[in-house]
Protein chains: 2
Amino acid sequence: MADLPPVELLVCVKCRRELDVPEGGTRPGEALHAELANRTMSEGVTLKAVECLSNCSSGCSVAVRGGAQRWTYVYGNLMEDRDADMVVDGISKYAATADGIVPWRERPEHFRKNCIARIPPQEF
Amino acid sequence: MADLPPVELLVCVKCRRELDVPEGGTRPGEALHAELANRTMSEGVTLKAVECLSNCSSGCSVAVRGGAQRWTYVYGNLMEDRDADMVVDGISKYAATADGIVPWRERPEHFRKNCIARIPPQEF
């Protein structure tokens with residue numbers, strides 16, 4: 001994979017997942033980011049905390065992108081205490097592609113069912 | 001606006017808007033693209049037809065992006081026979097910004113209520 005462009009895994013750390021988070025409390029998005037930060041990412045994958053992916057009604061949310069030739073994907077309805085390993089697996093498969101399109105059957109089931117949107121490559 | 005990067009307005013022409021479109025019939029996404037193609041875009045804005053933005057349950061859909069410093073936005077629930085002028089207006093305001101963030105009150109109401117997701121700038 002050394003010849004493929006690097007991948008960014010963007011995690012919305014502001015997501016409340018429509019819960020009532022008390023002042024100073026840990027938001028679900030922050031907890032998801034922390035879980036992911038505790039995992040080993042595939043080569044070339046960088047985890048980044050971002051603010052609001054505007055998918056608030058279907059959070060928690062991540063976006064993944066990587067270079068001008070790959071599609072960008074947004075995934076939602078993630079649970080901070082359940083989905084970190086699945087996200088690492090799905091992003092690892094994404095990072096192994098040149099265009100960002102992982103064959104349908106190889107995608108984690110959650111990704112198949114909770115793709116919020118995708119954006120074409122910069123060059124298409 | 002001559003010093004701002006160009007903007008791409010991407011329209012999903014495959015969208016059926018969950019309707020039963022007969023074989024060979026015009027899909028709602030295609031009709032929306034045709035309506036937009038009949039409008040004059042702001043300077044620097046290019047209309048492009050794309051395939052499936054994976055927002056099928058909330059179509060019709062468009063995405064807008066433009067350069068490494070702007071946020072990318074996906075908007076949904078667009079009606080091909082109603083929303084073309086509003087889209088042109090909203091994209092025009094987007095194209096006038098350096099970061100893609102149009103002040104909330106200046107955004108068309110439909111954009112405020114139907115933002116499906118947004119992706120941070122490439123450089124942030």
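Residues numbered from 1 in each chain as written. Chains lettered and ligands numbered in written order. Predicted model: local features only at pLDDT ≥ 70, side-chain atom pairs only at ≥ 80, totals over all residues. Heavy atoms only, no water.

- Under an unreviewed UniProt entry, the name given to chain A is Metal-binding protein, and the source organism is Tateyamaria omphalii.

A look at the confidence of the model for chain A
- Residues at a pLDDT of 70 or more form 98% of chain A, whose mean pLDDT is 95.
- The complex prediction reports pTM at 0.95, with the ipTM value standing at 0.94. (pLDDT = per-residue confidence, 0-100.)

Quick look at empty space enclosed by the protein
- Applying the stated criterion across every chain yields a total of two cavities of 30 Å³ or more.
- Of the voids in this model, the largest cavity is the one considered here, and its volume is about 70 Å³.
- What lines the largest cavity is B:Val64, B:Tyr73, B:Tyr75, B:Gly90, B:Ile91, B:Lys93, B:Tyr94, B:Gly100, B:Val102, B:Arg107, B:Pro108 and B:Phe111.
- It is helix H2 (residues 84-95) of chain B that contributes the most residues to the lining of the largest cavity, four residues altogether.
- A volume near 50 Å³ is recorded for the second largest cavity.
- Residue lining of the second largest cavity: A:Tyr73, A:Tyr75, A:Gly90, A:Tyr94, A:Gly100, A:Val102, A:Arg107 and A:Phe111, and that is the complete set.
- Going through the elements one at a time, strand S4 (72-75) and helix H2 (84-95) of chain A are the ones with two or more residues in the lining of the second largest cavity.
- Here the lining of the second largest cavity is composed, by residue class, of five nonpolar, two polar and one charged. (1 Å grid on protein atoms, 1.4 Å probe; cavity = no way out; pocket = protein on both sides within 12 Å on 5 of 7 lines; lining within 4 Å. Points joined across faces, edges and corners; volume = space filled by probe spheres on them. Helix = DSSP H or I, 4+ residues; strand = E, 2+ residues; numbered from the N terminus. Nonpolar A, V, L, I, M, F, W, Y, C, P; charged D, E, K, R; others polar.)

A closer look at the layout of surface pockets
- Reported here for the largest pocket is a volume of approximately 340 Å³.
- Taken together, 18 residues form the lining of the largest pocket, with A:Ser54, A:Asn55, A:Ser57, B:Cys115 and B:Ile116 sitting closest to its centre.
- Elements represented by at least two residues in the lining of the largest pocket include exactly strand S5 (115-119) of chain A together with strand S5 (115-119) of chain B.
- Residue composition of the lining of the largest pocket, grouped by class: eight nonpolar, eight polar and two charged.
- For the second largest pocket, the lining is made up of 19 residues, of which A:Arg65, A:Thr72, A:Gln122, B:Thr72 and B:Gln122 are closest to its centre.

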